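Residues per chain are reported as follows:
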Amino acid sequence: MMEPMMAIVVGLLYAAAVYMMLRRSIVKLVIGLMLLSNAANLLIFTSAGMTRGAPPLIPEGAMLPDGVVADPLPQALILTAIVIAFGVLAFAVVLIHRAYNIIRTDNLDQMKDTDT
Amino acid sequence: MTSEVALPIIIPLLTGTLCVLAWRSSMAQRLLSLLGSLTLLGASIWLLTSVLESGHVVMYMGNWAAPYGITLVADMLGAIMVVLTGMMAVAIAVYSLASASQAHERFGYYPLMQLLLAGVAGSFLTGDIFNLYVWFEVMLIASFALLILGGERAQMEGAVKYVTLNLLSSAIFLSAIGLLYGLVGTLNMADIAVKLGEAEHTGMVDVIAVMFLIAFGIKAAAFPLFFWLPASYHTGPVAVSALFAGLLTKVGVYALFRVFTLIFNENPDFTHQLLLWMATLTMLTGVLGAAAQFEFRRILSFHIVSQIGYMLLGLALFTPLAIVGGVFYIMHHIIVKTNLFLISGIVHRLLGTYDLKKLGGIYKARPVLSILFLVPALSLAGLPPLSGFFAKFIIIRAGIEANAWVVTGIALLVGLLTLYSMIKIWAEVFWKKLPEGTDDTALVHGKTSTSLMLMYVPVVLLAGCTLFIGLNGQPIYAMAEMSASQLLDPSQYIEAVLGGAQ
């Protein structure tokens, strides 16, 4: 039951992220990027299988953990991805702040001098 | 020992750290970056020789055998790319001695450059798909910071687009990794290839393949995802533009080559047909975009897009000869394109602008520079006896053998249009008279100073490489052929990575 709900949440997050990124304001662009990385993280979490299990600790002397354990790898992936996304997002926030100070506008439509 | 496969990643990281430690002294940073780049080149050549001997060099991090630990693996393609990274590192390090301004140096130009190199080398050598993502991010963060060094208006505008599109691409890449992990439960690329081959082929695999195609297509600036590149690459400091032009997009192309030969080789009718269309339109739109431009570096940026199309064409045709052509093209293009950007920097140093309409008269004052420009320019257009001729020739021959007449015809047409824009640059920048009222003191009266000589050094060396490949293509062709045979027979790669797992 949990997985379909998560799937819907992930889809909504992606939709919201794309919607925000397609607005003209650079602030909304950053919010969109933020939502996007969270959506990707939740997607990994969901698609790797949401089993309810014990922590994957191996008892002393054994080679394998006994019983059903949760897969630790997606959590490690998400943790890495969160750290990276946070770093990049911090950069993006500073960038749009500087960009706003230099270009004096927050409208993406007016940032096309380098396009043509 | 197989530790040579880790060296190309460790050396730039170490050099970058040392550069940070020498933060206050630009002199020490310059020396360190030059030394580090030379060491990187040496280590990468060592890696190439051991790959030539043994086929694949594999290293298990922390001695955790694949598929449990993280694997570093160099096959021929990876080794070639790392050697080219080393060459570009040295070229840019020498060029930066003269071209980097003090303001850039103060804000960490050298450490960022080394971090970028570490990210690029890491992407080429990792055997783990999540690690590929991590190295991509290392590379991206360094490139973001390098692109906005100086903080001019145009840089900010370019950077907003560059950052956004690359973050979008990373998010798609990450989602694709998540879905793939959900499907096969492993991250090691060789292991994924095995498990995906055993699993039933469902529509989900195609969805994931297309997600990878979009993610790497954005990074490689393939049609229709290329527009961020000409909007941003020409805004940064010129040495940075040159490095980006040579290496960064090629990382995307490399990832496409890796993923679509090793993992998604089950259903080539679908994926490679898609690639074929992308490649054709990339070639065409890139070159047409370039024809309309009158800014030196913007023309070159559009040409990156168009040349990416040729490389993808090599992958899309998916015959042995076509893959050889694709690999050859990557090698040739990294050298040539970096060189062209470096020359645009020298022209800027002489006349203070990149605008074609305001430039001119360089042939009269500096004939050597003009000839040096012709070497990579004609090579890019594919004239014999330069490297570009063989690169184009192999791909077009492969296209004819595969009976892909339309695509081959377009490839030939694009070659002609490339020649047109290179001649346009030549005529406007070097041949025509200097427009009235332009300040030409640096060009005509200025002595060739030491710093200008330093800028010439990498240009001459890279032009030499282009000529060498053109006149003596056989060993290069043999290397491309070896990498193509490895790419088309993924079982070797799988065997090399998983073989040590017992």
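Just so it is clear, the structure is predicted and the values come from calculations on it, not from any experiment.

What counts and how
- Residues numbered from 1 in each chain as written.
- Chains lettered and ligands numbered in written order.
- Predicted model: local features only at pLDDT ≥ 70, side-chain atom pairs only at ≥ 80, totals over all residues.
- Heavy atoms only, no water.
- Helix = DSSP H or I, 4+ residues; strand = E, 2+ residues; numbered from the N terminus.
- Rg over C-alpha atoms; globule rule 2.2 N^0.38 Å.
- Contact = heavy atoms within 4.5 Å.
- Patch = residues over 30% accessible without salt bridge, like charges linked within 9 Å, V, L, I, M, F, W, Y side chains within 5 Å.
- Areas by Shrake-Rupley, 256 points an atom, 1.4 Å probe, with all protein chains shown as cover.
- Salt bridge = Lys/Arg side-chain N within 4 Å of Asp/Glu carboxyl O.
- Buried < 20%, exposed > 50% of the residue type's maximum accessible area, 1.4 Å probe, protein only.
- Core = buried A, V, L, I, M, F, W, Y, C linked by side-chain atoms within 4.5 Å.
- Axes fitted to C-alpha atoms, helices over the stretch in contact; angles between N-to-C directions.
- Parallel < 35°, antiparallel > 145°, perpendicular 65-115°, else oblique.
- Left-handed = near helix turned anticlockwise from the far one by under 90°.
- Nonpolar A, V, L, I, M, F, W, Y, C, P; charged D, E, K, R; others polar.
- UniProt positions renumbered as here; feature names shortened; annotations may be inferred.
- Phe/Tyr/Trp six-rings, centres within 6.5 Å; stacked < 30°, edge-to-face > 60°.
- Lys NZ or Arg CZ within 6 Å of the ring centre and 35° of its normal.

Q: Pulling in residues and values, what's your account of the overall build of chain A?
A: For chain A, the count of helices and strands is three helices and zero strands. What you see in chain A, going N to C, is helices and strands ordered as α-α-α. For a compact globule of 116 residues, the expected C-alpha radius of gyration is about 13 Å, and chain A comes in at 20 Å, more than 25% above that figure. At a minimum sequence separation of 6, the contacts of chain A that also span at least 24 residues come to 57%.

Q: Before we move on, could you go through a nonpolar patch on the surface and cite the residues and values that matter?
A: Residues and elements named next belong to chain B. Together, Ile10, Leu14, Leu18 and Leu21 give the surface a local cluster of nonpolar side chains, amounting to about 410 Å² of exposed area. As for its placement among the helices and strands, Leu14 is situated in helix H1 (residues 7-21). Classification of Leu14 by relative accessible area gives exposed; the value is 53%.

Q: Help me get a handle on the pattern of salt bridges, residues and values and all.
A: All names here are of chain B. Taken as a whole and judged by the stated rule, the model has seven salt bridges over all chains. The salt bridge partner of Asp75 is Arg258, with a shortest N-O separation of 2.8 Å. Here Asp75 is found in the loop between strand E2 (71-74) and helix H3 (76-99), whereas its partner Arg258 is found in helix H11 (residues 238-262), with 183 residues between them in sequence. Here Lys195 and Asp191 are joined by a salt bridge, their closest N and O atoms 3.1 Å apart.

Q: Residues and numbers for the nonpolar core, please.
A: Residue and element names in this part refer to chain B. Grouped together as the largest cluster of nonpolar side chains are 227 residues, with contacts concentrated most on Tyr109, Ile129, Phe173, Phe212, Phe264 and Phe296. Ranked by residue count, the leading element in this core is helix H14 (residues 320-351), at 20 residues. Those residues in contact with Tyr109 that sit more than four places away from it in its chain are Ile92, Ser96, Ala100, His104, Leu146, Leu149, Ala239 and Val240.

Q: Go over the side chain of B:Thr164 with me, naming the residues and quoting the values.
A: Relative to the helices and strands, B:Thr164 is located in helix H7 (residues 153-184). Residue class for B:Thr164 comes out buried when judged on its relative accessible area of 10%. In contact with B:Thr164, other than residues within four places in its own chain, are A:Met21, A:Leu29 and A:Leu33.

Q: Explain the packing of H11(B) against helix H13 (residues 296-317) of chain B to me, using residue names and the numbers behind them.
A: Residue and element names in this part refer to chain B. Contact geometry of H11 with H13 gives a least axis separation of 11 Å together with a crossing angle of 15 degrees. In this view, H11 runs roughly parallel relative to H13, as classed from their interaxial angle. For the pair H11 and H13, the crossing hand works out as right-handed. Between H11 and H13, the residues in contact are Val238, Ser241, Ala245, Thr249, Lys250, Val253, Leu256, Phe257, Phe260 and Thr261 and Arg297, Ile304, Ile308, Met311, Leu312 and Leu315, respectively. Split by residue class, the contact of H11 with H13 holds eleven nonpolar, three polar and two charged.

Q: Which residues make up unusual backbone geometry, and what values do they have?
A: Residues and elements named next belong to chain B. Going from Phe223 to Pro224, the amide bond is cis rather than trans, its omega being -5 degrees. By the secondary structure assignment, Pro224 is in the loop between helix H9 (203-220) and helix H10 (228-232). Looking along the chain, the bond that leaves Pro384 and enters Pro385 is cis, with omega of 5 degrees. Phi is positive for Asn63, close to 60 degrees, though the residue is something other than glycine. Positionally, Asn63 belongs in the loop between strand E1 (57-60) and E2. For Phe318, which is not glycine, the phi torsion reads 60 degrees and is therefore positive. For Phe318, the position within the fold is in the loop between H13 and H14.

Q: Break down the UniProt feature "domain: NADH:quinone oxidoreductase/Mrp antiporter transmembrane" (unreviewed entry) in chain B for me, with residues and values.
A: As annotated in UniProt, the feature "domain: NADH:quinone oxidoreductase/Mrp antiporter transmembrane" (unreviewed entry) corresponds to residues 128-416 of chain B in the numbering used here. Secondary structure within residues 128-416 of chain B divides into 81% helix and 0% strand; the distance between the first and last C-alpha atoms comes to 40 Å.

Q: I'd like to hear about the packing of aromatic side chains, residue by residue, with values.
A: Residue and element names in this part refer to chain B. Under the counting rule described, the total for this entry stands at 28 aromatic pairs over all chains. When the ring of Phe173 is compared with that of Phe216, the centres are 4.8 Å apart and the planes differ by 65 degrees; the resulting orientation is edge-to-face. Here Phe173, found in helix H7, pairs with Phe216, found in helix H9; they are 43 residues apart in sequence, far enough to count as distant. Each member of the pair, Phe173 as well as Phe216, carries the same accessibility label: buried. Considering the side-chain rings of Trp228 and Tyr233, the 5.8 Å spacing of their centres and the 70 degrees angle between planes classify their relative orientation as edge-to-face. The same class applies to Trp228 as to Tyr233, namely buried. Members of the aromatic cluster, each reached through a chain of ring pairs, are Phe130, Tyr133, Phe136, Phe173, Phe212, Phe216, Phe260 and Phe264. Sitting over the face of the ring of Tyr354, Arg297 holds its NZ or CZ atom 4.1 Å from the ring centroid. Over the aromatic face of Phe294 sits the side chain of Lys424, whose NZ or CZ is 4.5 Å from the ring centroid.

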